Amino acid sequence: MASVILRFSKQKGNPATKIEAHHERTKEEYKSNPDIDTSKSHNNIHLIAPQMRYKAEVDKRIKESGCRVRKDSTRFVDTLITASPEFFKDMTHEKMVEYFQRAVDFIKSKIRPDMIFSAVVHLDEKTPHVHCVVVPLVKKIDNRTNLSLYTFPTGDFIKPPWQPCKAFQMAG
């Protein structure tokens, strides 16, 4: 039986350059990941294309929100969405793209959609998957001033009681 796989990786500091190199396939070869076949990288699909470099995308969203950043703040979350390999075995290209679009739409439904600045489907590895990059800002009320402001969430915001299997069900 096929399984949906979601991985959330909180990123603090500035790991954006390395993650961007992997997602956007800016290197000639990837010794750290032998599953990448760069001759197939042209088949990768941007469901949401970044308009700038990842660090600039993150900084822009934080600045626009007026959020203060601490040293230990999670600046962005690298989300990987895929399924077990047998799920994709006989799937057409169109159905695969539909599956990943539904996955990204599901993530959009759980957060502020404008905080997602990149969603790229990798078809150049053994198992297809999508990387969705999110700046995790939430709106809160400041109890001292009673003003609405954006802040980084506290606690474990990336493990809500989601039911992705229902959200990702493929029609027909």
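Worth saying up front: this structure is predicted, and the values here are computed from it rather than measured.

Participant: How would you explain the nonpolar core if you had to name every residue and give the values?
Facilitator: Phe-76, Phe-88, Phe-100, Ile-107, Val-130 and Val-135 are the most contacted members of the largest nonpolar core, which has 31 residues in total. Looking at this core, the elements with two or more residues in it are helix H1 (16-24), helix H2 (54-65), strand S3 (74-83), helix H4 (93-110), strand S4 (116-122) and strand S5 (129-134). Among the elements that make up this core, the one with the highest residue count is H4 (seven residues).

Participant: Residue-level account of the environment of Lys-12, with values.
Facilitator: Positionally, Lys-12 belongs in strand S1 (residues 4-12). Taking the C-alpha atoms as reference, Lys-12 lies 9.6 Å from Arg-70; in sequence the two are 58 residues apart. For Lys-12, the residues in contact, after removing those within four places along its chain, are Asp-72, Ser-73, Thr-74 and Arg-75.

Participant: Hey, could you go over the pattern of salt bridges for me, with residue numbers and the actual values?
Facilitator: Overall, the coordinates contain 11 salt bridges when judged by the stated rule. A salt bridge links Arg-25 to Asp-124; its shortest N-O distance comes to 2.8 Å. With Arg-25 in the loop between H1 and strand S2 (45-48) and Asp-124 in the loop between S4 and S5, this pair connects stretches of sequence that are 99 residues apart. Exposure remark for Arg-25: the relative accessible area of 12% places this residue in the buried category. Judged by its relative accessible area of 1%, Asp-124 falls in the buried class. With a shortest N-O distance of 3.7 Å, Lys-126 and Asp-35 are connected by a salt bridge. In this pair, Lys-126 sits in the loop between S4 and S5 while Asp-35 sits in the loop between H1 and S2, placing the two residues 91 residues apart along the sequence. What makes Lys-126 exposed here is its relative accessible area of 69%. The class of Asp-35 is partly exposed, set by a relative accessible area of 33%.

Parameters at a glance
- Residues numbered from 1 in each chain as written.
- Predicted model: local features only at pLDDT ≥ 70, side-chain atom pairs only at ≥ 80, totals over all residues.
- Heavy atoms only, no water.
- Core = buried A, V, L, I, M, F, W, Y, C linked by side-chain atoms within 4.5 Å.
- Buried < 20%, exposed > 50% of the residue type's maximum accessible area, 1.4 Å probe, protein only.
- Helix = DSSP H or I, 4+ residues; strand = E, 2+ residues; numbered from the N terminus.
- Contact = heavy atoms within 4.5 Å.
- Salt bridge = Lys/Arg side-chain N within 4 Å of Asp/Glu carboxyl O.

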